Amino acid sequence: NLAPAQCQTGQELSLSAALPLPAMISDVQQALVFDALIVDARSPELFALGHIDGAVSLPMVEIETELPNFLERIARDRPVITYCSGFGCPDSFDLAVLLLAEGYLDVRVFEGGYPEWRDAGLPITGESR
């Protein structure tokens, strides 16, 4: 009975080592200055309507087709901050876990996402601007 529990604990430990750290709105502002990459995990339609100024789109809904190009273009040692539609939206977290699994060294999640950024009056780009 103890063996499965020990095995499960080992899996939990290895999983927690690959979890992204949270990023605050100030981290995102600093990231833009220090050449970190801001990545929008939302759909292309939402990205077109409005996104954090300087962000690139890597939508989870198209991850199979978009990820290879991203992996080819973006160095694994470049810091990355992912975001989506804010609290309750899992896409930025899922994308961050995926990028860590692909070998990216510094991946964080801006949990407040686009709504927090927009509501703070910070620079956005898009049709609804």
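Just so we're clear, the structure is a prediction, and the values are computed from it rather than from any experiment.

Conventions and cut-offs
Residues numbered from 1 in each chain as written. Predicted model: local features only at pLDDT ≥ 70, side-chain atom pairs only at ≥ 80, totals over all residues. Heavy atoms only, no water. Helix = DSSP H or I, 4+ residues; strand = E, 2+ residues; numbered from the N terminus. Contact = heavy atoms within 4.5 Å. Buried < 20%, exposed > 50% of the residue type's maximum accessible area, 1.4 Å probe, protein only. Pairing = 2+ DSSP bridges. Right-handed = clockwise from strand over helix to strand, strands pointing away. Salt bridge = Lys/Arg side-chain N within 4 Å of Asp/Glu carboxyl O. Phe/Tyr/Trp six-rings, centres within 6.5 Å; stacked < 30°, edge-to-face > 60°. Lys NZ or Arg CZ within 6 Å of the ring centre and 35° of its normal. Arc of directions from axis to C-beta. Polar contact = N/O pair within 3.5 Å; in protein donor to acceptor, adjacent residues only side chain to side chain.

### Re the side chain of Ser92
Next, step 1: Following the sequence through the fold, Ser92 ends up in helix α5 (residues 91–101).
Next, step 2: The residues touching Ser92, leaving out its near neighbours within four places in the chain, are Ala41, Thr82, Tyr83, Cys84 and Val109.

### Some thoughts on the pairing of strand β5 (residues 80–83)
Next, step 1: Burial of the side chains of β5 extends over both faces: Val80 and Thr82 are buried on one face and Ile81 and Tyr83 on the other.
Next, step 2: For strand β2 (residues 37–40) and β5, the ladder comprises 4 bridges, and the chain directions are parallel. Bridging from a neighbouring strand, Leu37 pairs with Val80 of β5.
Next, step 3: Pairing of β5 with strand β6 (residues 107–110) involves 4 bridges; the strand directions are parallel. From the neighbouring strand, Val80 faces β6, where its bridge partner is Val107.
Next, step 4: Considered for its hand, the β-α-β crossover made up of β5, α5 and β6 is right-handed.

### Section: the pattern of salt bridges
When charged atoms on two side chains of opposite charge get close, those side chains can pair.
Next, step 1: Tallying each qualifying case throughout the model produces 4 salt bridges.
Next, step 2: Between Asp35 and Arg78 there is a salt bridge; the shortest N-O distance is 3.1 Å. Residue Asp35 is located in the loop between α2 (25–33) and β2, and its partner Arg78 is located in the loop between α4 (63–73) and β5; the two are separated by 43 residues in the primary sequence.
Next, step 3: Linking Asp40 and Arg42 is a salt bridge whose minimum nitrogen-to-oxygen distance equals 2.7 Å.

### Quick notes on the pairing of β2
Next, step 1: Covered by surrounding structure in β2 are Leu37 and Val39 together with Ile38 and Asp40, the residues of both alternating faces.
Next, step 2: Pairing of β2 with strand β4 (residues 56–57) involves 2 bridges; the strand directions are parallel. Among the inter-strand pairings, Asp40 is bridged to a residue of β4, identified as Ser57.

### As for the packing of aromatic side chains
Next, step 1: Evaluation of the coordinates by the stated rule reveals 1 aromatic pair.
Next, step 2: With a centroid separation of 5.9 Å and 45 degrees between ring planes, the pair formed by Phe70 and Tyr104 is classed as tilted. Taken together, the residues span a long stretch of sequence, with Phe70 in helix α4 and Tyr104 in the loop between α5 and β6 at a distance of 34 residues.
Next, step 3: Sitting over the ring of Tyr114, Arg42 keeps its end group 4.6 Å from the ring centre.

### Regarding the sheet that holds β2
Next, step 1: In spatial order, the strands read β1-β6-β5-β2-β4; together these 5 strands make up an open sheet with parallel pairing. The sheet terminates laterally at β1 (21–23) and β4, the two strands that pair on one side only.

### What about α2?
Next, step 1: For α2, every residue scored as buried is listed here: Ile25, Val28 and Ala31. Around the axis of α2, the buried residues are gathered within 115 degrees of arc, so they sit on the same side.

### Remarks on the environment of Tyr114
Next, step 1: Following the sequence through the fold, Tyr114 ends up in helix α6 (residues 113–119).
Next, step 2: Here Tyr114 falls in the buried class, since its relative accessible area comes to 7%.
Next, step 3: For the pair Tyr114 and Ile52, spaced 62 residues apart in the sequence, the C-alpha separation amounts to 6.7 Å.

### Concerning the environment of Arg78
Next, step 1: You can call Arg78 partly exposed: its relative accessible area is 24%.
Next, step 2: As a C-alpha pair, Arg78 and Ala36 span 42 residues in sequence and 6.2 Å in three-dimensional space.
Next, step 3: Here Asp35 takes part through its backbone oxygen, which lies 2.9 Å from a polar atom of the side chain of Arg78.

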